[in-house]
Amino acid sequence: SQKIEQNSEALNIQEGKTATLTCNYTNYSPAYLQWYRQDPGRGPVFLLLIRENEKEKRKERLKVTFDTTLKQSLFHITASQPADSATYLCALGASGGGADGLTFGKGTHLIIQP
Amino acid sequence: GAGVSQSPSNKVTEKGKDVELRCDPISGHTALYWYRQRLGQGLEFLIYFQGNSAPDKSGLPSDRFSAERTGESVSTLTIQRTQQEDSAVYLCASSLEPSMREQYFGPGTRLTVT
């Protein structure tokens, strides 16, 4: 069965450093991958999408890589700030979109310490 | 413009009672999703609506769960004869169309079954 793995333990990073979160998957060939941010008591917020034929995507201080050979995506936040503290969810998507289009990981809790 | 809204924000109910949760998607969004998120867990897909097509109910955990959507507007998720294991946050998301793939989430309804 499909499996998405994200670090279950909280990741503590010092302010100003680069935070790197990992998303590994098995038994899946996603057409695209998304990253979402979720704050306590709130719904997830979309951050970035990267397609299977793309290696890297950037948006301001965020960078996502997608290695379909390793079946892994890395999510980087450069010059991290305490406001970046949140849970980050990885989601894999099938080519058809719709109901079977998005499967979420459990998320990694990121803590940026001042 | 307004985002996805959900009501109520919190619901406490007794085991065996029925509950109805409401989702107002972003105007013009044809795709609507319901997810369940148990404490410390990832998002679990429940049901998907796309336009006037028959909904994909493949994620509903039991026949106690049902959902309706009126056209491309409001959706209600109904849980009959609630059980304690139904306690979770129920999240609704909408997207402009499935192929856009970016989902906009509401704040969720926290359901507690006592």
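If you're wondering where the values come from, they're calculated on a predicted model, not measured in any experiment.

Student: What's the story with the sheet that holds strand E6 (residues 65-69) of chain B in this structure? I'm lost.
Tutor: To summarise the sheet geometry, strands pair through backbone hydrogen bonds and adopt either a parallel or an antiparallel arrangement. All names here are of chain B. Here we have four strands laid out as an open sheet, ordered E1-E3-E7-E6, and antiparallel in their pairing. Edge strands, defined here as strands with exactly one partner in the open sheet, are strand E1 (5-7) and E6. In this sheet, neighbouring strand axes are inclined to one another by 15° on average, regardless of whether the strands run parallel or antiparallel. The pairing of E1 with strand E3 (residues 19-24) spans three bridges and is classified as antiparallel. Its bridge partner lying in E3, Ser7 is registered against Arg22.

Student: Where do I start with the interface of chain B and chain A in this structure?
Tutor: Frequently, the measure chosen for interface size is the accessible area removed from exposure when the parts meet. On the side of chain A, 20 residues touch chain B, which itself brings 17 residues to the contact. Summed over both partners, the interface of chain B with chain A buries about 1,500 Å², with 56% contributed by carbon and sulfur atoms. Its largest share of buried area at the contact with chain A, chain B owes to B:Leu43, B:Arg101 and B:Phe105, together 38% of the area lost on that side. Taken together, chain B and chain A are joined by zero salt bridges. Seen at the junction of chain B and chain A, the total is three residue pairs in polar contact (both at pLDDT 80 or more). Listed by contribution, the elements that provide at least two residues to the side of chain B that touches chain A are strand E4 (31-37) and strand E5 (43-50) of chain B. In the side of chain B that touches chain A, the residues fall into nine nonpolar, five polar and three charged.

Student: Just to check I follow, could you spell out the environment of A:Glu54 for this structure?
Tutor: Residues and elements named next belong to chain A. With respect to the helices and strands, the residue Glu54 is situated in the loop between strand E5 (45-51) and strand E6 (56-59). In this structure, the C-alpha to C-alpha distance between Glu54 and Leu33, residues 21 residues apart in sequence, is 10 Å. Those residues in contact with Glu54, other than ones at most four positions away along the chain, are Leu49 and Phe66. Side-chain polar atoms of Glu54 contact the backbone nitrogen of Arg51, separated by 2.8 Å.

The rules we used
Residues numbered from 1 in each chain as written. Chains lettered and ligands numbered in written order. Predicted model: local features only at pLDDT ≥ 70, side-chain atom pairs only at ≥ 80, totals over all residues. Heavy atoms only, no water. Pairing = 2+ DSSP bridges. Helix = DSSP H or I, 4+ residues; strand = E, 2+ residues; numbered from the N terminus. Axes fitted to C-alpha atoms, helices over the stretch in contact; angles between N-to-C directions. Contact = heavy atoms within 4.5 Å. Buried area = accessible area lost by both parts, 1.4 Å probe. Salt bridge = Lys/Arg side-chain N within 4 Å of Asp/Glu carboxyl O. Polar contact = N/O pair within 3.5 Å; in protein donor to acceptor, adjacent residues only side chain to side chain. Nonpolar A, V, L, I, M, F, W, Y, C, P; charged D, E, K, R; others polar.

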